[in-house]
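Listed here are the chains, written in short residue letters.
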Amino acid sequence: MRVASVLESISAGIRCFASHAGRAGEVVGSVDKKHTISGVINVPQRILMGPGPANAHPRILAAQALPLLGHMHPPFLAIMDEIKSGLKYTFQTDSPYTLMVSGTGHAGMEACISNLVEPGDKVVVGNAGIWGERVVEMSKRFRGEVTDLKVPAGQTVPYELLKQTLEQQKPALLFLCQGESSTGTHQNLTGLGELCKKTGALLLVDTVCSLGGVPMFADAWGVDAIYSGSQKCLSAPPGGAPLFLSPRAMEKIQRRKTPPATYNLDLNLIGDYWGWFGKRSYHHTGMVSTCYAMREALALVNEEGLESMWSRHKELHHRLWDGLHSMGLKSFIEKDEDRLITVNTIKVPEGIDWAALIKNAMDEYNVEIAGGLGPSAGKVWRVGIMGYNARPANIELVLTAFKDGLKKQGWKKF
Ligand SMILES: Cc1ncc(COP(=O)(O)O)c(C=O)c1O
């Protein structure tokens, strides 16, 4: 290369550098204004009677608007401690290992799987719908050896099948979804904690749409790990995932040969931020406002009392079904004992356009009724009875919306 051309290319490089960098503090380039938004946010008010989120309690929304604290400030750490304590009550446990994962139910799910499953571990998944499906997929991603106990949509996983599988396979983990919101089933957990202990498995339970709406006794039932969600029976906005580990589950995490393949959801590190080990270390910036909301949500649970919450949900479930039956509608779930109280699945009768009924409910009554999901898509409507929304007036509104929607489609059975 000639000397002149070398000098030319060096000076072109310097010109190019100068035009990108500018002088310290100098703005180089011009702002493209084609993508902008302005004005105050506009959100319609709706009554959310689908499978979640449910409407949040006003006291929880007010708490969420309180001034921010630093995520390591002592008054905020005290709020985190209150959450741990409120969760102990809500899960019914004395285990010191409760906290709220920053993220939705999926973050709780992934925190449990990624920490409790080591590569090569056997994982048995009771799969009654899309949440079982996702745990199958997630466990494989964390290199578990999965046995997928898939049951037909609308059924729960039979105790005998679980017993036989646990005894034969001796897995490290058994997963069950207490409230399968895609199909509307309630998995009975009786006797499974004991069985898991006998066969050396940990019992992991999804309670995203059931915690606070139906009984859960983590210690008495021998459950080892639970994740949940904020936006359903706990009446808070989405964004926080309550989590519980038994001392047995904690031992397994501490005995791991390799750290979990996720830093963000490493429960040793998150637990250290939440004070599980007698100190506090920064792991991530805690979700300050979401923690205020969770603190208030748990205070409401504690004030109302679990028994009273469970019976409120149950009563309204019966009230809903009295009304639906009187219109000639039927449950998607054959067996009474398998029906979930908090997410109700209603069979779409032949000749009825389910989507038109949902649209009519929203247009005319401002109320959300949802369609099916995964295995129940196109076959059911789903009505949530959860938390702050579990009130008689809301059930009446849903029934009125059903009646009107069916009438408009020429339904004659009432
Ligand atoms: C039973 C169940 N598990 C898990 C999830 C996932 O939770 P999220 O959407 O908050 O991540 C849901 C959400 O509807 C659920 O109902």
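Residues numbered from 1 in each chain as written. Predicted model: local features only at pLDDT ≥ 70, side-chain atom pairs only at ≥ 80, totals over all residues. Heavy atoms only, no water.

### A few points about the site of the ligand
Turning to step 1, where the next piece is worked out: All residues in the neighbourhood of the ligand are listed as T104, G105, H106, W131, C177, G179, S181, D206, V208, C209, Q231 and K232.
Turning to step 2, where the next piece is worked out: Contacts to the ligand include S181, whose side-chain N or O atom sits 2.6 Å from an oxygen atom.
Turning to step 3, where the next piece is worked out: Here the shell around the ligand is built from residues that sort into four nonpolar, six polar and two charged. (Near = heavy atom within 4 Å. Polar contact = N/O pair within 3.5 Å; in protein donor to acceptor, adjacent residues only side chain to side chain. Nonpolar A, V, L, I, M, F, W, Y, C, P; charged D, E, K, R; others polar.)

### Remarks on the sheet that holds strand β10 (residues 240-245)
Turning to step 1, where the next piece is worked out: In space, the seven strands of this open sheet follow the order β2-β10-β9-β8-β5-β3-β4, with mixed pairing throughout. Pairing within the sheet leaves two strands with one partner each, and these edge strands are β2 (98-102) and β4 (145-150). Here the average twist between neighbouring strands, direction ignored, is 20°.
Turning to step 2, where the next piece is worked out: Two elements, strand β3 (residues 122-127) and strand β5 (residues 173-177), share three bridges in a ladder whose sense is parallel. Across the sheet, V123 pairs through a bridge with L173, a residue of β5.
Turning to step 3, where the next piece is worked out: Most of the contacts of helix α8 (residues 247-254) go to β10, to which it runs at about 95°, and overall it touches β8 (202-206) and β10. (Pairing = 2+ DSSP bridges. Helix = DSSP H or I, 4+ residues; strand = E, 2+ residues; numbered from the N terminus. Axes fitted to C-alpha atoms, helices over the stretch in contact; angles between N-to-C directions. Contact = heavy atoms within 4.5 Å.)

### Observations regarding a nonpolar patch on the surface
Turning to step 1, where the next piece is worked out: A contiguous nonpolar surface patch, about 380 Å² in accessible area, is contributed by V40, I41 and V43.
Turning to step 2, where the next piece is worked out: Structurally, V40 can be placed in the loop between α1 (3-21) and β1 (47-48). (Patch = residues over 30% accessible without salt bridge, like charges linked within 9 Å, V, L, I, M, F, W, Y side chains within 5 Å. Areas by Shrake-Rupley, 256 points an atom, 1.4 Å probe, with all protein chains shown as cover. Salt bridge = Lys/Arg side-chain N within 4 Å of Asp/Glu carboxyl O.)

### Description of the pairing of β8
Turning to step 1, where the next piece is worked out: With five of five residues buried, β8 lies mostly within the body of the structure.
Turning to step 2, where the next piece is worked out: Burial along β8 is two-sided: the face carrying L202, L204 and D206 and the face carrying L203 and V205 are both buried.
Turning to step 3, where the next piece is worked out: Pairing between β8 and strand β9 (residues 225-227): three bridges, direction parallel. Paired with L204 across the two strands is A225, which belongs to β9. (Buried < 20%, exposed > 50% of the residue type's maximum accessible area, 1.4 Å probe, protein only.)

### Details of the pattern of salt bridges
Turning to step 1, where the next piece is worked out: For the coordinates displayed, the defined rule picks out 20 salt bridges.
Turning to step 2, where the next piece is worked out: Taking the shortest distance from any N to any O, the salt bridge between K84 and D81 comes out at 3.4 Å. Here K84 and its partner D81 are both found in helix α3 (residues 74-91), three residues apart, which amounts to about one turn of the helix.
Turning to step 3, where the next piece is worked out: Between E82 and R295 there is a salt bridge whose closest N-O contact spans 2.9 Å. In this pair, E82 is assigned in helix α3 and R295 in helix α10 (residues 288-304), connecting sequence segments 213 residues apart.
Turning to step 4, where the next piece is worked out: Residue class for E82 comes out partly exposed when judged on its relative accessible area of 38%.
Turning to step 5, where the next piece is worked out: The class of R295 is partly exposed, set by a relative accessible area of 25%.
Turning to step 6, where the next piece is worked out: In the salt-bridge network here, residues are joined through shared partners; they are R59, E82, R295, E296 and E303.

### Focus: the UniProt feature "binding site: substrate" (unreviewed entry) in the protein
Turning to step 1, where the next piece is worked out: The UniProt record marks R382 with the feature "binding site: substrate" (unreviewed entry), using the residue numbering of this structure.
Turning to step 2, where the next piece is worked out: Mapped onto the fold, R382 is located in strand β14 (residues 380-384).
Turning to step 3, where the next piece is worked out: The buried category is assigned to R382, whose relative accessible area is 7%. (UniProt positions renumbered as here; feature names shortened; annotations may be inferred.)

### Here we look at the sheet that holds strand β11 (residues 343-347)
Turning to step 1, where the next piece is worked out: With antiparallel pairing, the three strands of this open sheet are ordered in space as β11-β14-β13. Both edges of this open sheet fall to β11 and β13 (370-371), since each of them pairs with a single strand only.
Turning to step 2, where the next piece is worked out: Here β11 runs beside β14; their pairing, made up of five bridges, is antiparallel. Residue pairing across strands places N344 opposite V383, the latter belonging to β14.
Turning to step 3, where the next piece is worked out: Helix α11 (residues 306-326) contacts β11 and β14 of the sheet and is inclined by roughly 10° relative to β11.

### Quick look at α3
Turning to step 1, where the next piece is worked out: Over its 18 residues, α3 runs 25 Å from end to end, which matches the ideal 26 Å to within 8%, given 1.5 Å per residue.
Turning to step 2, where the next piece is worked out: As for α3, its buried residues are in contact with β2, β9, β10, α9 (267-273), α10 and α11.
Turning to step 3, where the next piece is worked out: Following α3 by one or two positions, Q92 adopts a phi angle in the positive range, close to 60°. (Expected span 1.5 Å × (residues − 1).)

### Some details on the side chain of S376
Turning to step 1, where the next piece is worked out: Secondary-structure assignment places S376 in the loop between β13 and β14.
Turning to step 2, where the next piece is worked out: Take S376: its relative accessible area is 0%, and that puts it in the buried class.
Turning to step 3, where the next piece is worked out: Side-chain polar atoms of S376 contact the backbone oxygen of S182, separated by 2.5 Å.

### Describing the environment of I47
Turning to step 1, where the next piece is worked out: Position of I47 among the secondary structure elements: in strand β1.
Turning to step 2, where the next piece is worked out: In this structure the C-alpha to C-alpha distance between I47 and V123, which are 76 residues apart in sequence, comes to 39 Å.
Turning to step 3, where the next piece is worked out: Apart from residues lying up to four places away in sequence, I47 is in contact with N55, N366, V367, E368, N394 and L397.

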